[in-house]
Amino acid sequence: MESVLLVSHTNTVLPMLADMFSSQMISRIVPAQNGAEARRSLIDTDFDLIIIDAPLPDEFGDDFALYASEKSSAGIMLLVKSEMIYDMDSSIEEAGVFIMPKPATSEFFYQAAKLLTASRRRVMKLESENEKLQKKISEIRLVDRAKCILIQYLNMTEPQAHRYIEKQAMDLRQSRLVTAQNILKTYEN
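Residue positions are given per chain, counting from 1 as you read along its sequence in written order. Only residues with pLDDT of at least 70 are given local features in this predicted model, and only at 80 or more are side-chain atom pairs given and counted; all residues enter the totals for whole chains, interfaces and linings. The side-chain quantities take in all heavy atoms of the structure and omit both hydrogens and water.

Scanning the protein chain from N- to C-terminus turns up 7 helices and 5 strands. The numbering of helices and of strands both runs from the N terminus, where a helix is a DSSP run of H or I of at least 4 residues and a strand a run of E of at least 2. Seen in sequence order, the protein chain has helices and strands lined up from the N terminus as β-α-β-α-β-α-β-α-β-α-α-α. We compute the radius of gyration from the C-alpha atoms alone; for a globule the expected value is 2.2 Å times N to the 0.38, where N is the number of residues. Relative to the globule expectation of 16 Å for 189 residues, the C-alpha radius of gyration of the protein chain, 25 Å, shows a markedly less compact shape. Dimensions along the principal axes, computed over C-alpha positions, put the protein chain at roughly 75 × 35 × 25 Å. Looking at the protein chain as a whole, 36% of its 189 residues are labelled buried. When checking whether two residues touch, look at their non-hydrogen atoms; a contact exists if any pair is within 4.5 Å. Within the protein chain, residue pairs in contact and separated by at least 24 positions form 61% of the contacts whose partners lie at least 6 positions apart. In short, Shrake-Rupley with a 1.4 Å probe defines the accessible areas, and a residue's cover is counted only from the protein chains shown. Of the roughly 11500 Å² that the protein chain leaves accessible, carbon and sulfur atoms contribute 53%. Here the protein chain contributes 22 positive and 27 negative side-chain charges, whose respective centroids are spaced 13 Å apart. Throughout, exposure labels follow a simple rule: accessible area from a 1.4 Å probe, protein chains only, divided by the maximum for the residue type, with under 20% read as buried, over 50% as exposed, and the rest as partly exposed. In this tally, Lys and Arg are treated as positive and Asp and Glu as negative; His is ignored, and so are the chain termini. Where a charge lies is defined by one atom per residue type: Lys uses NZ, Arg uses CZ, Asp uses CG and Glu uses CD.

Written out as structure tokens, the structure reads:
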């Protein structure tokens, strides 16, 4: 964890957070006094963890939590009084916001923060894998389009077109994607 956005209008949470994460790899804790200031901070920086100490002076904090879940991949924790935890709208939890009762022990708070950061790392890894798979799918589609062009214009069979693209890529020491792009440039113009 490198950066934390702490949204709180009281000064009681910041020292506790600083003490709790002093041994961790936090490069910075960015405090915000209200929802508007937090939104501005979120525009400028991508955070690993966002902690919202509700209520805020300009809003309760749930609206900002929903906004942050849409605009950021950070783990989001909304601290509310324990008697209000069951009254919270289910859309907040559905958006991936962890609702935590306060007051909470520092151990519980620490474990919740670690869980959120671990979840964030896992989601980021899945997003990275998804991006690689999407890239691979688009490459396969492009190569298949090139095969169709070879079948249409050069009367090749599908195995012949496949072999042609593979051989061209090897002979020219380029990827199948570049070979397919060159075929498409040649025959689609």
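On to the sheet that holds strand 3 (residues 49-53), then. Read from one edge to the other, the open sheet built from 5 strands follows the order 2-1-3-4-5, with strand pairing classed as parallel. Lying at the two open borders of the sheet, with one neighbouring strand each, are strand 2 (28-32) and strand 5 (97-102). Each strand axis lies, on average, 20° off the axis of its neighbour in the sheet, ignoring direction. Strands are labelled as partners when DSSP assigns at least two bridges between them. Pairing geometry for strand 4 (residues 75-81) and strand 5, over 6 bridges, is parallel. Residue Leu79 lies in a different strand from strand 5, and its bridge partner there is Met100. Axis definition: a line fitted to C-alpha atoms, over the contacting stretch in the case of helices. Angles run 0 to 180 degrees between N-to-C directions. Across the sheet, helix 2 (residues 35-44) touches strand 1 (3-7), strand 2 and strand 3, and the angle it forms with strand 2 is around 140°.

Moving on to the pairing of strand 1. Taking burial as the measure, the 5 residues of strand 1 include 5 buried ones, the bulk of the element. Of the two faces of strand 1, the one carrying Ser3, Leu5 and Val7 and the one carrying Val4 and Leu6 are both buried. Bridging between strand 1 and strand 3 involves 4 bridges; their strand directions are parallel. Bridging across to strand 3, Leu5 finds its partner in Ile50.

That bond from Ala54 to Pro55 is cis: its omega, 0°, falls within 30 degrees of zero. Within the element layout of this structure, Pro55 appears in the loop between strand 3 and helix 3 (62-71). Pro103 follows Lys102 through a cis peptide bond whose omega is 0°. Note on placement: Pro103 falls in the loop between strand 5 and helix 5 (106-154). Of note, the phi angle at Asn155 is positive, near 55°, even though the residue is not glycine. Its location among the elements puts Asn155 in the loop between helix 5 and helix 6 (158-171). For Asn155, a relative accessible area of 67% puts it in the exposed group. The phi dihedral of Arg173 falls on the positive side, at around 55°, and the residue is not glycine. Note on placement: Arg173 falls in the loop between helix 6 and helix 7 (176-188). Owing to a relative accessible area of 78%, Arg173 belongs among the exposed residues under this scheme.

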